[in-house]
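Reading the structure
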Amino acid sequence: MSDKLRIAVIIGSVREGRFGPVVARWFLEQIREHADLEVDAIDLAEVGLPMAFPAFGTKPTGETAAVADAVRERLAAADAFVVITPEYNHSYPASLKNLIDWHNVEWHAKPVAFVSYGGLSGGMRSVEHLRPVFAEVHATTIRDAVSLHNVWSLFDEDGAPTDPEGSNGAAKLMIERLKWWAEALQEARVKSPYTV
Ligand SMILES: Cc1cc2nc3c(=O)[nH]c(=O)nc-3n(C[C@H](O)[C@H](O)[C@H](O)COP(=O)(O)O)c2cc1C
């Protein structure tokens, strides 16, 4: 296993015709410029996690088990997360809540940063709703976030940012903060395993 910090970038929107992949492609290019990070892109549209998660203390069976185990392993391997979220009706998508609720220890004592997008709000209400949910699963959320308002105007037809200075600058700051927390919490988890 490499000694790089492992960042799971979670793409939250799953609907047909979604804009999410444009945002994700741009952000993944930004974060992959950081040679000290190992990036795993988890697209929830591809993962296919069922909506019904099992009761506490029980394990999924059959085909569900294979899908769930594969996602679980990827989250467990991560030192930190970036959640790319749109905003629907003043909140974040059900696909993200499903992913969070399926898991627990995989989130513990790890930092979570956000790239949000939408219309007027730029997904900020999604992020504000996600923060207390992540707190409940013992994750810590990063103050500095990327927020893309009227997202359609921020990318050209090739998916390149129309205001690279603004968008790339926000991504850079967020990634630097995330790295700080990822390193600090990775050391802390090794020094003293996080138990609940
Ligand atoms: C059902 C629905 C509700 C939406 N509600 C909001 C909203 O409350 N605030 C906002 O800024 N944008 C809202 N939008 C705009 C979306 O954030 C925007 O379409 C975004 O591209 C959605 O992400 P996606 O294309 O990756 O699914 C909404 C879009 C849909 C389809």
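Report follows, based on the coordinates. (Residues numbered from 1 in each chain as written. Predicted model: local features only at pLDDT ≥ 70, side-chain atom pairs only at ≥ 80, totals over all residues. Heavy atoms only, no water.)

1. A closer look at the overall build of the protein
Rule in force here: Strands are runs of DSSP state E lasting at least two residues, helices are runs of H or I lasting at least four, and both sets are numbered from the N terminus onward. Relative accessibility under 20% of the residue-type maximum defines a buried residue, over 50% an exposed one, and the middle range a partly exposed one, all with a 1.4 Å probe and only protein chains included. The contact rule is simple, with two residues in contact once any of their heavy atoms fall within 4.5 Å.
Scanning the protein from N- to C-terminus turns up 6 helices and 6 strands. Sequence-ordered secondary structure for the protein, helices as α and strands as β, is β-α-β-α-α-β-α-β-α-β-β-α. Taking the principal axes of the C-alpha coordinates as reference, the protein spans close to 45 × 35 × 30 Å. Here the protein holds 196 residues, and 47% of them are scored as buried. Restricting the contact set of the protein to residue pairs at least 6 apart, pairs at least 24 apart contribute 83%.

2. Here's the deal with the nonpolar core
Rules: Each nonpolar core is a collection of buried residues, namely Ala, Val, Leu, Ile, Met, Phe, Trp, Tyr and Cys, held together in the definition by side-chain atoms within 4.5 Å.
Core analysis: the biggest nonpolar cluster contains 29 residues, and F27, V82, I84, V115 and L148 have the highest contact counts within it. Broken down by secondary-structure element, the contributors of at least two residues to this core are β1 (5-11), α1 (20-31), β3 (80-86), β4 (111-117), β6 (146-148) and α6 (164-191). For this core, the leading source of residues is α1, giving 7 residues. Apart from the residues lying within four places of it in its own chain, the contact partners of L148 are V23, W26, V115, S116, Y117, G118, G122, L154, F155 and S167. V71, F81, L99 and F134 belong to the second largest nonpolar core, which has 26 residues in total.

3. Points about the pattern of salt bridges
Formally: When a carboxyl oxygen of Asp or Glu lies within 4 Å of a side-chain nitrogen of Lys or Arg, that pair is called a salt bridge.
One pass over the structure, following the stated rule, counts 12 salt bridges. One salt bridge connects D79 with R6, and the closest N-O pair in it is separated by 3.4 Å. Placement of D79 in the loop between α3 (62-77) and β3 and of R6 in strand β1 is noted, with a sequence separation of 73 residues between them. Residue class for D79 comes out buried when judged on its relative accessible area of 2%. R18 is paired through a salt bridge with D43; the nearest N and O atoms lie 2.8 Å apart. Note that R18 is positioned in the loop between β1 and α1 and D43 in strand β2 (residues 37-43), a separation of 25 residues in sequence. The pair formed by R18 and D43 is uniform in burial state, with each residue classed as buried. Several salt bridges share partner residues, and in doing so they unite R6, D79 and R189 into one network.

4. Things to note about the site of the ligand
To keep things clear, this is the line we draw: In these notes, residues near a molecule or strand are those with any non-hydrogen atom within 4 Å of it. Within 3.5 Å is the distance limit for a polar contact, defined as a pair of N or O atoms, with the added protein rule that one can donate a hydrogen and the other accept it, and that residues adjacent in sequence qualify only through two side-chain atoms. The accessible surface values rely on the Shrake-Rupley method and a 1.4 Å probe; as for residues, cover is taken only from the protein chains in view. Residue polarity follows a fixed list, in which Ala, Val, Leu, Ile, Met, Phe, Trp, Tyr, Cys and Pro are nonpolar, Asp, Glu, Lys and Arg are charged, and the others, Gly among them, are polar.
Taken together, 17 residues surround the ligand, and among them R15, F19, E87, Y88 and Y117 come closest. At 2.6 Å from an oxygen atom of the ligand is found a side-chain nitrogen or oxygen belonging to Y117. Against a free-state accessible area of 620 Å², the protein chains account for coverage of 77% of the ligand. Of the residues assigned to the shell around the ligand, the class counts are 6 nonpolar, 7 polar and 4 charged.

5. Side note on the packing of aromatic side chains
The test is simple: A pair of Phe, Tyr and Trp rings is counted when the ring centres sit within 6.5 Å of each other, with Trp represented by its six-membered ring. The angle between the planes then sorts it: under 30 degrees is stacked, over 60 is edge-to-face, the rest tilted.
Within this structure, the stated rule accounts for 7 aromatic pairs. An angle of 65° between the planes, with centres 4.8 Å apart, marks the rings of F81 and W107 as edge-to-face. Within this pair, whereas F81 is found in strand β3, its partner W107 is found in the loop between α4 (94-102) and β4, the two being separated by 26 residues in sequence. Judged on exposure class, the residue F81 and its partner W107 are both buried. The structure contains a cluster of three or more aromatic residues connected by ring pairs, namely F19, W26, F27 and F155.

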